[in-house]
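The chain contents come next:
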Amino acid sequence: MAFLFNEQDPDRIAAFEAAFADLPVALKHIDAAYDPNEIRYVFTWQPLEDWSRFPNLEVVFSVSAGVDQLKGLPDHIALIKMVDPHNTQSVVDYVLTACLAITRGFPIYAEQQKRKVWEQHPNVPLAQTQVAILGLGDIGTQTALTLATVGFQVSGWSRNPRDITGVKSVSGNKGYLSLLPDADIVVCLLPLTPETRDLLSASFFAQMKQGAALVQAGRGAHCVSEDLGAALNSGQIGAAVLDVFDTEPLPDASAIWDYPNCLVTPHVAGRTDTKTAVSNVVENLMRHIQGQDLLWQVDRQKGY
């Protein structure tokens, strides 16, 4: 019985090796020799080349909370997402920073700097800034509460109804449409599902308030980048802060690098804490060995 570890981070490798020293499961590294028939567990970010090579595989642990990249995993294999309060707080901090930067015009000033333009723009008080959050899961809810506490006017959309203090919540398949006309900033924190893929498209941007901003920290495939570029160039979207992309690292030839009033960060909004990753995996391993229900298991129908 073995656990296949598909990670290259030396600190994370060392932490898992130390933890597995006392476990009844052998830790195997993806780059070393191993027998695929012995593998019952896998820890990975990207899908393995051929899942059929592992006939006895029972559980796959995702390195992150997002699991859409593992959609090709056979249905009979349990998929576990990473639930990490450190990662949650990191994303919350990123979105807060992005929203504050937008209200103070930082994306616009960064664009002006390229052209050596000295032009001041009005500061927008937080109490007069409407932020709409798409996705009110654990991360979205904490983000909404933080932004509301700081002073933003916050609303949010989720698939199912939510009751969050100080936050106007809407639900339903198209519930977000009621938020777009009034939002000064739209924040995407959605999981990637067939329904949310390409959601941030020309028709979506056309329904936003003219000059509103986008903060994209969900998944790269949520956004049709060409449509965002057109919306930024036309002024329909006034600014954007982007942390996730369809192809990562973002290719040198990508037009996104040159979008106006657009700040690009290299997928740094959140990162799984190593201690939490080890703790979560070990806890679920022991639960599985003892025949108990697994924690943080993904609903394969919903995709999250």
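Refer to the structure printed above.
It should be emphasised that the depicted structure is a prediction, and the values quoted were computed from it without experimental measurement.

Analysis parameters
- Residues numbered from 1 in each chain as written.
- Predicted model: local features only at pLDDT ≥ 70, side-chain atom pairs only at ≥ 80, totals over all residues.
- Heavy atoms only, no water.
- Buried < 20%, exposed > 50% of the residue type's maximum accessible area, 1.4 Å probe, protein only.
- Helix = DSSP H or I, 4+ residues; strand = E, 2+ residues; numbered from the N terminus.
- Arc of directions from axis to C-beta.
- Contact = heavy atoms within 4.5 Å.
- Pairing = 2+ DSSP bridges.
- Axes fitted to C-alpha atoms, helices over the stretch in contact; angles between N-to-C directions.
- Phe/Tyr/Trp six-rings, centres within 6.5 Å; stacked < 30°, edge-to-face > 60°.

Draft legend 1. Representation of helix α3 (residues 106-114) within the structure. Along α3, the residues that are buried comprise Pro107, Glu111 and Gln112. Buried residues in α3, looked at end-on, bunch into an arc of 140°, giving them a common side. Buried residues along α3 sit in contact with α2 (85-103), β11 (237-242) and β12 (262-264). Downstream of α3 by one or two residues, Lys116 has phi in the positive range, about 55°.

Draft legend 2. Layout of the sheet that holds β12. The strand order across the open sheet formed by 7 strands is β8-β7-β6-β9-β10-β11-β12, and the pairing between neighbours is parallel. Each end of this open sheet is capped by a strand with a single partner; those strands are β8 (167-171) and β12. For this sheet, the mean inter-axis angle between neighbouring strands, taken without regard to orientation, is 15°. Of the strands in this sheet, β6 (130-134), β9 (185-188), β10 (212-216) and β11 are in contact with α2, which crosses β9 at around 160°. In the packing of helix α4 (residues 138-150) onto the sheet, contacts are made with β6, β7 (153-158) and β8, and the angle to β6 comes to roughly 170°.

Draft legend 3. Molecular detail of the packing of aromatic side chains. Across all of its chains, the model carries 12 aromatic pairs by this definition. Arranged with centres 4.7 Å apart and planes meeting at 45°, the rings of Phe5 and Phe16 form a pair that is tilted. In this pair, Phe5 is assigned in strand β1 (residues 2-5) and Phe16 in helix α1 (residues 10-20), connecting sequence segments 11 residues apart. For Phe5, a relative accessible area of 0% translates into the label buried. Classification of Phe16 by relative accessible area gives buried; the value is 0%. Pairwise contacts between aromatic rings join Phe3, Phe5, Phe16, Phe20, Tyr41, Phe43 and Phe61 into one cluster.

Without other data, these values stay purely geometric and don't point to any function.
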